[in-house]
Amino acid sequence: GRPLPAIYPPFACLLYPPALARVTMATLNVAPTPAEGEEMFAVAHIYASFNDTFVHVTDMSGRETYVRVTGGMKVKADRDEASHYAAMLAAQDVSERCKELGIT
């Protein structure tokens, strides 16, 4: 087979299925883990247009993305992407993921 890269990209399991079958996206952790009692801050960038709603959480510098969810990812119909319901579902997913990462 092909040689594996030195650093596995997130999509490596698609490129090398036999060798990386046990590596999944769930095992990757992008956020630093805070010590017990230590607070971890992040910035939530929210953009609401007439067509969609974006909720994007980054570190304080804005360089590293912790979680990004749009209203279109939560609903099936294109006409519902910009609805308040889709924005609420996106915000709920972002808050759950932030709790998992330890962002206070």
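Everything quoted here is computed from the prediction, not taken from an experiment.

Engineer: Mind showing me how you'd approach helix α2 (residues 84-101) here?
Structural biologist: The α-helix winds at 3.6 residues per turn, so residues separated by three or four positions along the chain end up facing the same way. Taking 1.5 Å per residue, 18 residues should reach 26 Å; α2 reaches 26 Å between its end C-alpha atoms and fits that length. Along α2, the residues classified as buried are Ala86, Leu89, Ala90, Val94, Cys98 and Leu101. Of the surrounding elements, those touching the buried residues of α2 are β2 (53-58) and β3 (65-70). Just downstream of α2, Gly102 is the residue with a positive phi angle, here 85°.

Engineer: It is not clear to me how the side chain of Thr70 should be interpreted in this structure. Could you clarify?
Structural biologist: Tracing the backbone through its elements, the reader meets Thr70 in strand β3. By relative accessible area, which is 12% here, Thr70 ends up buried. Leave out the neighbours within four places in its chain, and Thr70 touches Asp52, Thr53, Phe54 and Ala90.

Engineer: Would you take a moment to explain the nonpolar core for this structure?
Structural biologist: Side chains of nonpolar character tend, in soluble globular proteins, to be buried together. Formed by Met40, Val55, Val57, Tyr66, Val67, Val69, Ala90, Val94, Cys98, Leu101 and Ile103, the largest nonpolar core amounts to eleven residues. Listing elements by their share of this core, those giving two or more residues are β2, β3 and α2. Looking at this core element by element, the count peaks at four residues for α2. Residues within four places of Ile103 in sequence aside, it is in contact with Met40, Phe41, Ala42, Val57, Tyr66 and Cys98.

Engineer: How should I be thinking about the pairing of strand β1 (residues 43-48) in this particular structure?
Structural biologist: Successive residues of a regular strand alternate their side chains across the two faces of the sheet. The buried fraction of β1 is low, at zero of six residues. As paired strands, β1 and β2 are joined by six bridges and run antiparallel to one another. Across the sheet, Val43 pairs through a bridge with Thr58, a residue of β2. The hairpin formed by β1 and β2 contains four residues between the paired strands.

Cut-offs used in this document
- Residues numbered from 1 in each chain as written.
- Predicted model: local features only at pLDDT ≥ 70, side-chain atom pairs only at ≥ 80, totals over all residues.
- Heavy atoms only, no water.
- Helix = DSSP H or I, 4+ residues; strand = E, 2+ residues; numbered from the N terminus.
- Expected span 1.5 Å × (residues − 1).
- Buried < 20%, exposed > 50% of the residue type's maximum accessible area, 1.4 Å probe, protein only.
- Contact = heavy atoms within 4.5 Å.
- Core = buried A, V, L, I, M, F, W, Y, C linked by side-chain atoms within 4.5 Å.
- Pairing = 2+ DSSP bridges.

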